[in-house]
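What follows is the residue order along each chain.
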Amino acid sequence: MSAASCLLSEDQFLCSICLDVFTDPVTTSCGHNFCKNCITEHWNSNDQYLCPICKKAFNTRPELHINTLFSEVVSQFRQEAQQKASSSSSEQRAAKPGEVPCDVCTGTKLKALKSCLVCLTSYCETHLEPHLTVSRLKRHQLMDPVENLEDRMCMKHDKPLELFCKTDQTCVCVLCSVLDHKTHEFVPLKEEYEGKKAELGKTEAEIQQMIQKRRLEVQEIKHSVDLSKEDADREKAEGVQVFIALKESVERSLNELIETIEEKQRTTEKQAEDFIKELEQEISELMERSSEVKQLSRSEDHLHLLQNFLSLKAALPTKDWTEVSVRPPSYEGTVVRAVTQLEETLSKEMKKLFGEVELKRVQQYAVDVTLDPDTADPWLILSDDGKQVNDGDVKKNLPDNPERFSDCVCVLGKQSFSSGRFYFEVQVKGKTEWDLGVARESINRKENIPLSPWNGYWTIWLRNGNEYEALDDPAVDLSLQSQPQKVGVFVDYDEGLVSFYDVDAAALIYSFTGCSFTEKLYPYFSPCNNDGGKNSAPLIICPVNQTE
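Residues numbered from 1 in each chain as written. Predicted model: local features only at pLDDT ≥ 70, side-chain atom pairs only at ≥ 80, totals over all residues. Heavy atoms only, no water.

Digging into the overall build of the protein
Here is step 1 of the chain: Assigned secondary structure in the protein consists of 9 helices and 23 strands.
Here is step 2 of the chain: Each of the 548 residues in the protein was classed as buried or not, and the buried ones make up 32%.
Here is step 3 of the chain: For the protein, the accessible surface area stands at approximately 34400 Å², while carbon and sulfur atoms represent 52% of it.
Here is step 4 of the chain: When the 63 basic and 91 acidic side-chain charges of the protein are each reduced to a single mean position, those positions are 7 Å apart. (Helix = DSSP H or I, 4+ residues; strand = E, 2+ residues; numbered from the N terminus. Buried < 20%, exposed > 50% of the residue type's maximum accessible area, 1.4 Å probe, protein only. Areas by Shrake-Rupley, 256 points an atom, 1.4 Å probe, with all protein chains shown as cover. Lys, Arg positive; Asp, Glu negative; His and termini not counted. Charge placed at Lys NZ, Arg CZ, Asp CG, Glu CD.)

Structure below.
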C-alpha cells in the first residue's frame, strides 16, 4: 500500500452508510466523507438534512463536491485491495456445486467462509477481512455460510429477523414486535435458540436411547437366531445320530434275515450232498458187482461159477431209498417274523435313543443345588458341603424358625427359581424310601401335609423298596423297567413342566404337565426314616455329567 493510504486505517476507506469502500467520495461541510450516491439517497429519504455521523443539521441541502484528493487515495486503496484479493484468490478454492459462493467476488466465485446477518452477504476469506479488522464491522453477526440470506429478512418490513415471538412461535423483526405482535411475548433469537438447542439436546439423547434400545433389540434378535441355529444344529446332529442307529439296526435285522434264509439253504444243500454221496457210493458198488456178475455169467467153468456165486449174491445194499427225499425248507413267515422282531428292536432302540437325546437336552440346564440347613427338619443330618442328607435317628435342638420343617423329615434347596429352566440329579442308590421333586415357597412347613400339586408339591417317591409313585392329582403308580440309582429332576417354569428321569437308563420316569407356577420353586428332598438301618443311605446331590 502507498504511503498515503498507509497513513489512514482501513476502516477510514469505508462509507459509513453502505459500509463498503467509497465510490465517488464527497465531503460535507462538517468534514465527513460519504459515497456521493449514498448521501444523496439518504437526504432524499429524509425531511431533514443531517450528517449521518455527527448529526449536524443543514438549513438547506448542501451542494456536494467530489473530494478529488481523497478520491485518488480511495482509488489507490481499491486497486491495492483488488490486487490483494486477486493474489489471495489464487490460494482460495472456487465454490463447488452445493457450496455457498462469495457474493462480492466478480468472475470466479470463491467459496464463502462466513455469512453476515447484518449485511445479508456471504464473504470469501479475502472479502471477509473488513469484518474482522474494521471496528464497526466487527459488531456484525457472522455465521457459517448459508444461501438465501434474504429469507432471514422480514418479508413485510425488510428488517432482519432478530426476535422470536413465543406467542405465535415465529421469528419476527423489531417492527413486527411493535406493530403486528405488540401484545405478544418476545425473546431474542439467541435466547430462543439456546432453549431450542437444549430441547434438541434432550431430543437427541432420547433418540440415542431409542437407538440403543433398538440396537439391544437387534442384538437380542441376533442372539435368538444364534440360539435357534445352535438348537437346529444340535437337533440335526441328534436326528442324524438317531437315524444312523435305526439304519444300523435295520441293516443288522436284514443281515440276520438273509443269514437265516441262507443257513436253511446251506442245510438243505448239505443234506442233499450227503444223500447224493451215499447214493453214488452205492451205485459205484452196484456197478462193480454188476461187472463181476456179467463176467461170472460168461464163464464156461462150472466149478468156478458155483464157487463164486454165493459171494456175488451176498451183502447187496438193502437201504430203501423210496422214503428218502430232500424237502425244500419252508420260508413262509420268515420275513414277517423278522419284521416283527425288527419292530420290537426299533421300539426299544427308539426309546433308548430318544431317552438319551431328551436327557442330554435337559442336562444342559444343570444348576448347582445345595441343601438349606435353615429349612431342614431337626431329625436330619446334612453334610458340610450341603450335598448329602439322611435321617440321624436323633432330634437336634434347633430354632423353630418359619422356614424350618417341623413335622416331616425333609429339606429344601437354598436356590430358588421363578423363571426359565433348571435341572439337578440326586443319587438314591441303596435306599428303600425317598421323596424328590420341587415345592413352592408358600408350602406349609409346620404340618405333615400330603404331597400333591394342590398343596404346592410336584414329587415322586419310593416306598417299600420297589413301589414307585408320582404324587399327582390323583397319584399315579409307576411301573419301571429297573430301579433308578440316580434320578434327574427337570423344571421348565414358563411351560409348567416338571419331569423325572432315570439317569443311568436315560429313561423318562414321569412328567407333571400343565402346571401353573406363580411363586418361587425350591428343590425338595426327603430321605425318609432310617427304618432300623434299612434306609440309612443318604440322598446325594450329584454333579451332572452330560451323556455323550
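Here's the deal with empty space enclosed by the protein
Here is step 1 of the chain: Scanning all chains against the criterion turns up 2 cavities of 30 Å³ or more.
Here is step 2 of the chain: Around the second largest cavity, the lining residues are F405, C408, N444, E447, N448, I449, L451, Y457 and Y524. (1 Å grid on protein atoms, 1.4 Å probe; cavity = no way out; pocket = protein on both sides within 12 Å on 5 of 7 lines; lining within 4 Å. Points joined across faces, edges and corners; volume = space filled by probe spheres on them.)

Side note on the pattern of salt bridges
Here is step 1 of the chain: As enumerated under the stated definition, the model contains 17 salt bridges in all.
Here is step 2 of the chain: Across the pair D144 and K114 runs a salt bridge, and its minimum N-O distance is 3.2 Å. With D144 in the loop between strand 7 (142–143) and strand 8 (163–165) and K114 in strand 5 (residues 114–116), this residue pair connects regions lying 30 residues apart in the sequence.
Here is step 3 of the chain: With a relative accessible area of 52%, D144 lands in the exposed category.
Here is step 4 of the chain: Taking the relative accessible area as the measure of exposure, K114 reaches 28% and is therefore partly exposed.
Here is step 5 of the chain: When salt bridges that share partners are traced, they join K166, E192 and K196 into one network. (Salt bridge = Lys/Arg side-chain N within 4 Å of Asp/Glu carboxyl O.)

Regarding the packing of aromatic side chains
Here is step 1 of the chain: Going through the model one piece at a time under the given rule, you end up with 13 aromatic pairs.
Here is step 2 of the chain: On the basis of an interplanar angle of 85 degrees and a centroid distance of 6.2 Å, the ring pair of F275 and W321 is categorised as edge-to-face. With a gap of 46 residues between them, F275 in helix 7 (residues 189–297) and W321 in the loop between helix 8 (302–313) and helix 9 (334–363) connect regions that are remote in the sequence.
Here is step 3 of the chain: Judged by relative accessible area, W321 falls into the buried class, the value being 18%.
Here is step 4 of the chain: Residues Y457 and Y524 carry aromatic rings whose centres are separated by 5.3 Å and whose planes lie at 75 degrees to one another, so their mutual orientation is edge-to-face. Of the two residues, Y457 sits in strand 16 (residues 457–463) while Y524 sits in strand 22 (residues 521–526), which places them 67 residues apart along the sequence. (Phe/Tyr/Trp six-rings, centres within 6.5 Å; stacked < 30°, edge-to-face > 60°.)

Focus: the side chain of R445
Here is step 1 of the chain: Position of R445 relative to the elements: it lies in the loop between strand 15 (434–440) and strand 16.
Here is step 2 of the chain: No salt bridge is formed by the buried R445; the nearest opposite charge belongs to E441, separated by 5.8 Å.
Here is step 3 of the chain: At 3.0 Å, the side chain of R445 forms a polar contact with the backbone oxygen of E441. (Polar contact = N/O pair within 3.5 Å; in protein donor to acceptor, adjacent residues only side chain to side chain.)

Notes on the layout of surface pockets
Left-over empty space is what a probe sized like a water molecule reveals as it rolls over the atoms.
Here is step 1 of the chain: Computed from the structure, the second largest pocket encloses a volume of approximately 570 Å³.
Here is step 2 of the chain: Around the second largest pocket sit 15 residues that line it, and L117, Q141, R152, L161 and L189 are the ones nearest its centre.
Here is step 3 of the chain: Within the residue set of the lining of the second largest pocket, elements represented by two or more residues are strand 7 and helix 7.
Here is step 4 of the chain: At 3 residues, helix 7 tops the list of elements feeding residues into the lining of the second largest pocket.

Let's talk about the sheet that holds strand 5
Here is step 1 of the chain: Here we have 3 strands laid out as an open sheet, ordered 6-5-7, and antiparallel in their pairing. Looking along the sheet, the strands with just one partner apiece sit at the ends: strand 6 (121–123) and strand 7.
Here is step 2 of the chain: Alignment of strand 5 against strand 7, held across 2 bridges, turns out to be antiparallel. From the neighbouring strand, C116 faces strand 7, where its bridge partner is L142.
Here is step 3 of the chain: Running at roughly 110 degrees to strand 6, helix 4 (residues 125–133) makes contact with strand 5, strand 6 and strand 7 of the sheet. (Pairing = 2+ DSSP bridges. Contact = heavy atoms within 4.5 Å. Axes fitted to C-alpha atoms, helices over the stretch in contact; angles between N-to-C directions.)

Concerning the nonpolar core
Side chains that are nonpolar tend, in soluble globular proteins, to be buried together.
Here is step 1 of the chain: In terms of nonpolar packing, the biggest core is built from 36 residues, with W434 and F525 touching the most fellow members.
Here is step 2 of the chain: Once residues lying within four places of it in the same chain are set aside, the contact partners of F525 are V369, L371, V409, C410, V411, G413, F424, V426, D435, L436, L539 and I541.
Here is step 3 of the chain: Of all hydrophobic cores here, the second largest spans 13 residues; its members include F13, V21, V74 and L137. (Core = buried A, V, L, I, M, F, W, Y, C linked by side-chain atoms within 4.5 Å.)

Points about the sheet that holds strand 11 (residues 380–382)
Here is step 1 of the chain: Judged by pairing direction, the sheet is antiparallel, and its 7 strands sit side by side in the order 11-12-23-14-19-20-21 without closing on themselves. Only two strands of the sheet have a single neighbouring strand rather than two, namely strand 11 and strand 21 (507–512). If you compare each strand with its neighbour and ignore which way they point, the axes differ by 20 degrees on average.
Here is step 2 of the chain: As paired strands, strand 11 and strand 12 (residues 388–391) are joined by 3 bridges and run antiparallel to one another. Residue pairing for strand 12: L382 is matched across the bridge by V389.
Here is step 3 of the chain: Its contacts with the sheet place helix 9 against strand 14 (421–427), strand 19 (486–492) and strand 20 (497–502), and it is angled at close to 110 degrees to strand 14.

Observations regarding the confidence of the model for the protein
Here is step 1 of the chain: For the protein, per-residue confidence averages 87 on the pLDDT scale, and 95% of positions sit at 70 or higher.
Here is step 2 of the chain: Segment residues 1–7: pLDDT under 50, and 9 contacts once partners within four positions in sequence are set aside and those in other chains are kept. (pLDDT = per-residue confidence, 0-100.)

A few points about the pairing of strand 14
Here is step 1 of the chain: In terms of residue burial, strand 14 counts as a mostly covered element, since 5 of its 7 residues are buried.
Here is step 2 of the chain: Pairing analysis gives 7 bridges linking strand 14 to strand 19, with the strands arranged antiparallel. Looking across to strand 19, one finds that F424 is bridged to V489.
Here is step 3 of the chain: Strand direction decides the pairing type here: strand 14 and strand 23 (residues 539–542), joined by 3 bridges, are antiparallel. Within strand 23, the residue paired with Q427 across the bridge is I540.

Comments concerning the state of the cysteines
Here is step 1 of the chain: In this structure the tally under the stated criterion is 0 disulfides.
Here is step 2 of the chain: Here C15 is not cross-linked by a disulfide; its sulfur's nearest cysteine counterpart is in C18, at 3.9 Å.
Here is step 3 of the chain: This cysteine, C116, is not joined by any disulfide, and C119 carries the nearest cysteine sulfur, 3.5 Å off. (Disulfide = S-S within 2.5 Å.)

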